[in-house]
Amino acid sequence: MMIKRYIYGKPIETEAVVKTLAPTEGTVPYLTATETEEAYVFEYDMNAYDRLYGLGENVRGINKRGHIYESNCSDDPMHDEGKSSLYGAHNFLIIKGQKTFGLFIDMPSKVIFDCGYSHKDQLKITVTSKDFDLYIIEEKSFTAIIKAFRELIGPSYIAPKWAFGYQQSRWGYKNEEDLKKVVAGYRENHIPLDAIYMDIDFMDNFKDFTIDPNGFSDFKATVAELKEQGVRLVPIVDAGVKIEKGYDVYEEGVEKGYFCTNEKGEDFVAAVWPGLVHFPDFLNKDTRKWFGEKYKILLDEGIEGFWNDMNEPAIFYTPEGLQEAFEKVDEIRQKDNIGIYEYFDLKDSVSHTGNNPKDYQSFYHQVGDQRIRHDKVHNLYGYNMTRAAGEAFETLEPDKRILLFSRASYIGMHRYGGIWTGDNISWWSHLLLNIKMMPSLNMCGILYTGADLGGFGGNTTEDLLLRWLQFGCFTPLMRNHSALGTREQEAYQFTDLESFKNIIGIRYGLVPYLYSEYMKAALRNELYFRTLMMDYPEDSFAENVEDQLMVGESLMVAPVYEQNARGRYVYLPEEMLMIKFKSLTDRSYKIMEKGHHYIEVELEEMVCFIKPNHFIPLCSGGEYIEALDESHLELCGFIKDEASYELYQDDGFSKDYHNPAHFTHIKVSKENKALQVTCNKSELSFTLNLH
Ligand code: GLC
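Note that this is a predicted model, so its numbers are computed, not measured.

Novice: I would appreciate a short explanation of the overall build of the protein in the present structure.
Specialist: In terms of helices and strands, the protein carries 14 helices and 41 strands. Whereas a compact globule of 691 residues would reach a radius of gyration of roughly 26 Å, the protein reaches 25 Å, a difference of no more than 12%. Counting only C-alpha atoms, the protein reaches 85 × 65 × 55 Å along its principal axes. Per-residue burial for the protein yields a buried fraction of 62% across its 691 residues. In the protein, the proportion of contacts linking residues at least 24 apart, taken out of those at least 6 apart, comes to 72%. Counting every atom, the protein has about 26200 Å² of accessible surface; 48% of that belongs to carbon and sulfur.

Set out below in structure tokens:
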């Protein structure tokens with residue numbers, strides 16, 4: 001591996017990488033570096049064909065060229081094209097073209113990637129600090145660069161197998177009746193389900209690690225009762241700790257000095273869902289240990305998974321910011337006839353109280369003997385909250401995987417948990433955004449990921465949810481989530497129940513394949529989702545395709561993402577077998593030649609494509625992961641002469657990931673039209689469905 005590390009100043013220890021590389025002296029290759037008073041600027045002149053890939057969680061295309069992105073973890077629910085930052089900060093970029101190389105800037109404050117925005121042919125990276133590490137990665141191929149980077153940042157988090165089932169969430173489930181009603185809605189209609197999420201309303205006044213006593217008479221019993229039905233409960237944990245006398249987490253945090261402090265050294269105060277809160281100082285390892293151990297309260301109730309939220313950290317307002325807004329309002333109120341600009345000022349003064357940059361400059365972390373202002377390390381906050389939980393699980397549950405994912409993230413967090421892509425909207429364009437974001441996230445090691453299927457904000461429509469689930473069938477995290485006050489979007493709320501049952505049912509049939517592909521990608525630092533270009537580097541058209549993805553080694557997906565579309569154009573980089581699913585068992589097949597095609601895909605259908613000499617293992621489905629029988633598999637594929645497949649099967653909980661017993665080698669060969677299967681495990685049996 002050819003990675004060069006350039007050290008500037010005294011970088012803050014982020015622990016993004018797991019390998020300590022000796023620094024390289026001399027000038028950085030490829031880039032022109034300029035030092036300004038407060039920053040370093042790196043420039044690269046692009047020709048018309050250079051492309052830019054990476055930057056993890058962001059808006060717009062897979063090729064990032066043409067826009068400006070800012071690494072600055074932001075709680076912003078409007079993921080429109082104009083945005084430069086979402087919840088994560090992932091400073092990994094590959095320049096591909098006349099020269100091909102990767103770069104990673106390990107610096108936890110703002111980094112601005114001007115990808116040909118100011119000057120169409122120039123990449124300009126502004127690192128807003130003098131202290132950082134810059135890694136330059138040179139390898140034989142594009143995919144080798146990604147692999148080298150993934151090796152540098154360490155292995156990806158592995159979720160328990162049940163978390164590969166379909167999951168339902170909604171902000172607004174308040175009590176055990178609500179949760180049981182949702183489970184009944186799924187089970188009565190035989191729509192598969194593995195988990196229900198508990199959003200903030202399950203807590204006692206939004207206090208982390210508490211359970212509302214009015215909502216739950218016996219929480220542990222509810223957890224156990226639903227688990228009996230194959231459904232796990234997954235509670236939310238928010239970053240802010242409610243300021244309330246007598247609340248143990250608050251009292252302990254204050255006493256031990258575990259919270260972030262303001263300029264004067266007092267515990268910093270901001271407002272989020274619980275009202276006024278303190279933020280645990282997750283950059284301090286003692287705080288991490290303390291907070292991480294709190295998850296035990298819920299583990300002891302039988303909980304096996306968590307989602308960490310509001311950990312950019314999101315700030316609704318600070319008392320100081322609010323005061324300033326009031327003063328501004330008062331000042332404007334004094335005038336008898338306000339001008340239009342004053343009116344806008346009035347509006348802004350109130351709306352700018354949320355996530356205000358000024359507030360992020362007004363609190364501090366204690367890292368060893370260093371006191372660091374928050375904005376200098378902003379992008380590390382959510383990462384370290386999730387790390388606190390991940391590290392605690394290692395001791396609390398050493399032999400069992402716990403589901404964990406976060407909203408905010410930084411490179412390195414992928415070792416402790418996944419992410420969901422935050423507050424999207426029930427828009428068709430956000431389905432497309434979901435598709436495009438997946439390979440970029442995988443490049444940064446974030447494999448356990450998915451979007452709020454159906455859309456979080458706004459009212460979904462039946463067709464949007466169906467189409468979104470058809471893509472969600474392939475995302476490791478397959479979760480339907482929606483905001484308080486929006487149309488209810490559990491699958492059983494709609495008219496065409498049969499189609500929902502079928503689509504979600506297909507996911508369960510695909511689990512032997514999807515889980516194997518996930519595990520192999522995680523264990524080998526590979527990608528679960530890839531762009532066509534990664535598999536077909538010699539195909540000059542493949543690089544233009546951003547709405548089809550390779551999923552695992554055998555499949556290509558081409559989701560329909562437009563309303564009322566009854567089909568779509570698909571590009572096949574080689575001859576492939578199209579499978580059209582109406583349900584897990586009702587399928588049709590067609591071998592299609594390389595090139596451009598228009599394919600018809602009715603609303604209740606889902607298509608995918610199998611590469612030649614490849615197959616996928618399918619099981620017969622079930623209503624939850626643990627109910628699947630994976631001892632008999634259907635091998636469904638496209639065989640010209642022979643194909644082999646490595647299947648991964650384990651108990652789905654344990655952590656002996658590399659145990660050779662989990663790997664099964666299946667080979668299918670075709671001689672004189674006769675098919676032969678060989679497999680190193682006699683306990684498995686197969687049905688062949690090979691074309
Ligand atoms: C945030 C989360 C969202 C959650 C809501 C209430 O907006 O991103 O998923 O439902 O908070 O907790």
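What follows picks up the thread again.
Novice: Can you help me understand the pairing of strand E21 (residues 370–373) in this one?
Specialist: Regular strands place their side chains on alternate faces of the sheet. Sheet topology places strand E20 (residues 363–367) next to E21; 4 bridges connect them, and they run antiparallel. By the bridge assignment, Gln-366 is partnered in E21 with Arg-371. The antiparallel hairpin formed by E20 and E21 contains 2 residues in its connecting segment, where Gly-368 sits at a positive phi of about 60°.

Novice: Help me understand the pattern of salt bridges, please; the structure alone is not making it clear to me.
Specialist: Side chains that differ in charge, positive against negative, can pair when their charged atoms come close. Under the defined criterion, the tally for this structure stands at 53 salt bridges. The partner of Glu-81 in a salt bridge is Arg-60, with the nearest N and O atoms 3.9 Å apart. Here the residue Glu-81 occupies a position in the loop between strand E5 (68–71) and strand E6 (88–89), and Arg-60 occupies one in the loop between strand E4 (51–54) and E5, the gap between them amounting to 21 residues. Of the residues examined, Glu-81 reaches a relative accessible area of 56% and is grouped as exposed. In this structure Arg-60 comes out as partly exposed when scored by relative accessible area, which is 31%. A salt bridge links Asp-76 to Lys-83; its shortest N-O distance comes to 3.0 Å. For Asp-76, a relative accessible area of 18% gives the class buried. Each of Asp-75, Asp-309, Glu-312, Arg-407 and Asp-423 takes part in one network of salt bridges that share partners.

Novice: When you look at helix H12 (residues 462–472) in this model, what are you seeing that I'm missing?
Specialist: Count 3.6 residues to each turn of an α-helix, and residues three or four apart come out pointing the same way. Across the 11 residues that make up H12, a large majority, 11, are buried. For H12, the complete set of buried residues consists of Glu-462, Asp-463, Leu-464, Leu-465, Leu-466, Arg-467, Trp-468, Leu-469, Gln-470, Phe-471 and Gly-472.

Novice: Is there a simple way to think about the site of the ligand in this case?
Specialist: In the vicinity of the ligand lie 13 residues, with Asp-199, Asp-309, Arg-407, Asp-423 and His-481 positioned nearest. In this structure, Asp-199 approaches the ligand through a side-chain N or O atom, which is 2.5 Å from an oxygen atom. With the chains in place, 97% of the 310 Å² that the ligand exposes on its own is no longer accessible. Grouping the amino acids of the shell around the ligand by side-chain chemistry returns 8 nonpolar, 1 polar and 4 charged.

Novice: Quick question: what am I supposed to make of the packing of helix H6 (residues 319–333) against helix H7 (residues 340–351) here?
Specialist: Geometrically, a packed helix pair is captured by the angle between its two axes and the distance between the axes. In the contact formed by H6 and H7, the axes pass within 9 Å of each other and the chain directions differ by 160°. Taken together, the axes of H6 and H7 lie roughly antiparallel to each other. Crossing of H6 over H7 shows left-handed handedness. Mapping the contact onto sequence places Ala-325, Lys-328, Val-329 and Ile-332 in H6 and Glu-342, Asp-345, Leu-346, Ser-349 and Val-350 in H7.

Novice: Any chance you could explain the side chain of Thr-14 here in plain terms?
Specialist: Assignment of secondary structure puts Thr-14 in the loop between strand E1 (2–8) and strand E2 (32–35). On the basis of relative accessibility, which here comes to 2%, the residue Thr-14 falls in the buried class. At 3.1 Å, the side chain of Thr-14 forms a polar contact with the backbone nitrogen of Ala-16. Among the polar contacts listed, one links the side chain of Thr-14 to the side chain of Asp-106, at a separation of 2.8 Å. Setting aside anything within four residues of it in sequence, one finds Thr-14 in contact with Asp-106, Pro-108, Leu-380, Tyr-383 and Tyr-410.

Novice: What is the right way to read the packing of aromatic side chains from this model?
Specialist: Two measures describe an aromatic ring pair: the distance that separates the ring centres and the angle between the ring planes. For the coordinates displayed, the defined rule picks out 57 aromatic pairs. Judged by centre distance (5.3 Å) and plane angle (80°), the ring pair of Phe-164 and Tyr-515 falls under edge-to-face. Within this pair, whereas Phe-164 is found in the loop between helix H1 (142–153) and strand E12 (166–168), its partner Tyr-515 is found in helix H13 (residues 497–523), the two being separated by 351 residues in sequence. A residue is classified by how much of its surface remains accessible, and Phe-164, at 2% relative accessible area, is buried. A ring pair is formed by Phe-615 and Tyr-645, whose centres lie 5.9 Å apart and whose planes are at 50°; its orientation type is tilted. Placement of Phe-615 in strand E36 (residues 614–618) and of Tyr-645 in strand E38 (residues 642–648) is noted, with a sequence separation of 30 residues between them.

Novice: Please explain helix H11 (residues 428–443) as it appears in this structure.
Specialist: Residue Met-437 marks the point of greatest curvature in H11, where the axis turns by about 30°; the proline Pro-439 follows within four residues. When you tally the buried positions in H11, you get 15 out of 16 residues, the bulk of the element. The positive-phi residue at the C-terminal boundary of H11 is Gly-445, with phi of around 90°.

Novice: Even after reading the chapter, I still don't get the sheet that holds strand E40 (residues 674–679), so can you show me in this structure?
Specialist: Adjacent strands of a sheet form backbone hydrogen bonds with each other and so pair up, either parallel or antiparallel. One open sheet accounts for 3 strands, arranged E38-E39-E40; its pairing is antiparallel. Each edge of the open sheet is held by one strand with a lone partner, namely E38 and E40. Averaged over neighbouring strand pairs, the angle between their axes works out to 15° when direction is ignored. Two elements, strand E39 (residues 663–671) and E40, share 6 bridges in a ladder whose sense is antiparallel. Looking across to E40, one finds that Lys-667 is bridged to Thr-678. Along the sheet, H13 makes contact with E38 and E39, crossing E38 at roughly 80°.

Calculation rules
Residues numbered from 1 in each chain as written. Predicted model: local features only at pLDDT ≥ 70, side-chain atom pairs only at ≥ 80, totals over all residues. Heavy atoms only, no water. Helix = DSSP H or I, 4+ residues; strand = E, 2+ residues; numbered from the N terminus. Rg over C-alpha atoms; globule rule 2.2 N^0.38 Å. Buried < 20%, exposed > 50% of the residue type's maximum accessible area, 1.4 Å probe, protein only. Contact = heavy atoms within 4.5 Å. Areas by Shrake-Rupley, 256 points an atom, 1.4 Å probe, with all protein chains shown as cover. Pairing = 2+ DSSP bridges. Salt bridge = Lys/Arg side-chain N within 4 Å of Asp/Glu carboxyl O. Near = heavy atom within 4 Å. Polar contact = N/O pair within 3.5 Å; in protein donor to acceptor, adjacent residues only side chain to side chain. Nonpolar A, V, L, I, M, F, W, Y, C, P; charged D, E, K, R; others polar. Axes fitted to C-alpha atoms, helices over the stretch in contact; angles between N-to-C directions. Parallel < 35°, antiparallel > 145°, perpendicular 65-115°, else oblique. Left-handed = near helix turned anticlockwise from the far one by under 90°. Phe/Tyr/Trp six-rings, centres within 6.5 Å; stacked < 30°, edge-to-face > 60°. Bend = angle between axes of the 7 residues up to and from the residue.

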